[in-house]
Amino acid sequence: NAGVTQTPKFRILKIGQSMTLQCTQDMNHNYMYWYRQDPGMGLKLIYYSVGAGITDKGEVPNGYNVSRSTTEDFPLRLELAAPSQTSVYFCASSLALTGQNQPQHFGDGTRLSIL
Amino acid sequence: DAKTTQPNSMESNEEEPVHLPCNHSTISGTDYIHWYRQLPSQGPEYVIHGLTSNVNNRMASLAIAEDRKSSTLILHRATLRDAAVYYCILISDQGAQKLVFGQGTRLTINP
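Bear in mind the structure is a predicted one, so any value in this text is a computation, not a measurement. (Residues numbered from 1 in each chain as written. Chains lettered and ligands numbered in written order. Predicted model: local features only at pLDDT ≥ 70, side-chain atom pairs only at ≥ 80, totals over all residues. Heavy atoms only, no water.)

## A short note on the overall build of chain B
Condition: Only runs of H or I of at least four residues qualify as helices and only runs of E of at least two qualify as strands under DSSP, and these elements are numbered from the N terminus. Should any heavy atoms of two residues lie within 4.5 Å, those residues are counted as being in contact.
Each helix and strand counted, chain B has zero helices and nine strands in total. Put simply, chain B runs from its N terminus to its C terminus through helices and strands in the order β-β-β-β-β-β-β-β-β. In terms of principal-axis extent, the alpha carbons of chain B reach across some 40 × 30 × 25 Å. Relative to all contacts within chain B whose residues are 6 or more apart in sequence, the contacts with residues 24 or more apart total 56%.

Set out below in structure tokens:
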């Protein structure tokens, strides 16, 4: 079972470069999320999506963009990389059922360094 | 989102039970109590969740106080693999069910 797959696992960028972090899930989940985790800290929500074509900002959206053209994919784009975006990025997904809480399933993360 | 309070760290011995506390005095009626854990260099992993009644699954048990202002995650027989940071998170059943992570409790298991 693939679950949530993130690519790449590691990346080093120069300041000002751009890149897209890929996230795909094969569980037909309608909710998807992007989090970042700085060293020694808990995760913070960057963006989320409740379905194809619908995205919304989380706690720390500045410097990032997302799109959700399909149920399976939720890429995260960094347009102008800055050292403050050095972090580990996690993608997650969950199934929305009316009146029920469902667990989020996380990918293995992308370790990104901006130098 | 309602706030939770957890001890920064706890320590236990292998094969002994572990009780991880969480206070959430401002919990609302629609908030579920979720527990996730994060092993070193991995993404968070769902452990268990509940609303009012105690819950059991293959990983752990969740004991919820009658007034719902606190809860306890119980690992019945800790193994070295249970060493992780454990997060107690409140999630409303309304909206996108976003997770708000605090600092969590770093659990150390001694052999």
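## Focus on the interface of chain B and chain A
Defined as follows: Once two parts are put together, the accessible area they lose, assessed with a 1.4 Å probe and summed over both, is termed the buried area. Here a salt bridge means any side-chain nitrogen of Lys or Arg lying within 4 Å of a carboxyl oxygen belonging to Asp or Glu. Polar here means any residue outside two lists: the nonpolar Ala, Val, Leu, Ile, Met, Phe, Trp, Tyr, Cys and Pro, and the charged Asp, Glu, Lys and Arg; Gly therefore counts as polar.
Between chain B and chain A, the residue contacts involve 22 residues of the former and 21 residues of the latter. Across the chain B to chain A interface the summed buried area is about 1,800 Å²; carbon plus sulfur atoms make up 49%. Our count for the contact surface shared by chain B and chain A stands at zero salt bridges. Mapped by element, the contributors of at least two residues to the side of chain B that touches chain A are β3 (31–38), β4 (45–50) and β8 (84–92) of chain B. Considering every element that reaches the side of chain B that touches chain A, the biggest residue donor is β3(B), with four residues. A per-class count over the side of chain B that touches chain A returns nine nonpolar, eleven polar and two charged.

## Digging into the packing of aromatic side chains
Residue and element names in this part refer to chain B. This is how the line gets drawn: Only the six-membered ring of Trp is used, alongside the rings of Phe and Tyr, when aromatic pairs are assigned; centres must lie within 6.5 Å, and planes under 30 degrees apart are stacked while those over 60 apart are edge-to-face, with the rest tilted. The buried label applies to any residue whose accessible area, calculated with a 1.4 Å probe on protein chains only, is under 20% of its type's maximum; exposed applies above 50%, and partly exposed to all values in between.
In total, this model carries ten aromatic pairs over all chains according to the counting rule given. Relative to F101, the ring of Y87 lies with its centre 5.0 Å away and its plane at 85°, an arrangement referred to as edge-to-face. Here the residue Y87 occupies a position in strand β8, and F101 occupies one in the loop between β8 and β9 (105–110), the gap between them amounting to 14 residues. There is no split in this pair, since Y87 and F101 are both buried.

## A short note on the pairing of strand β11 (residues 110–114) of chain A
Residue and element names in this part refer to chain A. Defined as follows: The pairing criterion is simple: DSSP has to find at least two bridges between the two strands.
Only one face of β11 is covered, namely the one carrying T110, L112 and I114; the face carrying R111 and S113 has none of its residues buried. Note that strand β2 (residues 10–13) and β11 share four bridges and pair parallel. For L13, the partnering residue across the bridge sits in β11 and is I114.

## Quick word on the environment of R81(B)
As for its placement among the helices and strands, R81(B) is situated in the loop between β7 (70–75) and β8. Apart from residues no more than four positions distant in its own chain, R81(B) is found in contact with R37(B) and L39(B).

## Here's the deal with the pattern of salt bridges
All names here are of chain B. The full count for this structure, using the stated rule, is five salt bridges over all chains. Measuring nitrogen to oxygen at the nearest pair gives 3.4 Å for the salt bridge that ties R77 to E15. Within this pair, whereas R77 is found in the loop between β7 and β8, its partner E15 is found in the loop between β1 (9–13) and β2 (18–23), the two being separated by 62 residues in sequence. We note that R77, like E15, is exposed. The shortest N-O distance in the salt bridge between D82 and R37 comes to 2.8 Å. Of this pair, D82 sits in the loop between β7 and β8 while R37 is found in strand β3, placing the two residues 45 residues apart along the sequence. For R37, a relative accessible area of 4% puts it in the buried group.

## With respect to the state of the cysteines
Spelled out, the test is: In this description, the term disulfide denotes a pair of cysteine sulfurs within 2.5 Å.
Across all of its chains, the model carries two disulfides over all chains by this definition. Shown here is the disulfide that connects C23(A) with C91(A), its sulfur atoms set 1.9 Å apart. Its S-S torsion of about -75° marks the bond between C23(A) and C91(A) as left-handed, since a negative value means left-handed. Taken together, the positions of C23(A) in strand β3 (residues 19–25) and C91(A) in strand β9 (residues 87–94) put the pair 68 residues apart, joining distant regions of the chain. You can call C23(A) buried: its relative accessible area is 2%. Across a sulfur-sulfur distance of 2.1 Å, C22(B) and C88(B) are joined as a disulfide pair. Its S-S torsion of about -85° marks the bond between C22(B) and C88(B) as left-handed, since a negative value means left-handed. A residue pair is termed long-range when its members are at least 10 positions apart, and C22(B) in strand β2 and C88(B) in strand β8 qualify at 66 residues. The pair formed by C22(B) and C88(B) is uniform in burial state, with each residue classed as buried.

Just distances and angles here, no functional claims.
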